Amino acid sequence: MTEPLPVVPAAQRMPATEDFPSGPAVGDAFPDFTLRGQRGLEVNLGRARAGRRALIVFQRSSRR
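The rules behind these values
Residues numbered from 1 in each chain as written. Predicted model: local features only at pLDDT ≥ 70, side-chain atom pairs only at ≥ 80, totals over all residues. Heavy atoms only, no water. Helix = DSSP H or I, 4+ residues; strand = E, 2+ residues; numbered from the N terminus. Areas by Shrake-Rupley, 256 points an atom, 1.4 Å probe, with all protein chains shown as cover. Buried < 20%, exposed > 50% of the residue type's maximum accessible area, 1.4 Å probe, protein only. Polar contact = N/O pair within 3.5 Å; in protein donor to acceptor, adjacent residues only side chain to side chain.

A. How the structure looks around the overall build of the chain. The helix and strand inventory of the chain stands at two helices and two strands. Its helices and strands taken in sequence order, the chain reads α-β-β-α from the N to the C terminus. Surface accessibility of the chain: about 7,000 Å² in total, with carbon and sulfur atoms responsible for 54%.

Here it is as structure tokens:
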């Protein structure tokens, strides 16, 4: 059995600099993107939300 990886606080994972931005600031528009959904089909954020609000959840898979 393997030991769990240590939990590293988000602030220590990557420095917040111009080279490594931490993401959009509060109030910034979220950038448009296309990813594969849970059924393997491509989903474009802008088209899927059609101007409505959206809640975006990123889930890390345990598969490698």
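B. Here's a closer look at the environment of Asn 44. Counting through the fold element by element, Asn 44 comes out in strand 2 (residues 42-44). Look at Asn 44 and you get buried, because its relative accessible area is 10%. The sequence separation of Asn 44 and Asp 32 amounts to 12 residues, and the corresponding C-alpha distance is 7.4 Å. Reaching out from Asn 44, the side chain makes a polar contact with the side chain of Thr 34 at a distance of 2.9 Å. Of the polar contacts made by the side chain of Asn 44, one reaches the backbone nitrogen of Gly 46; its length is 3.0 Å.

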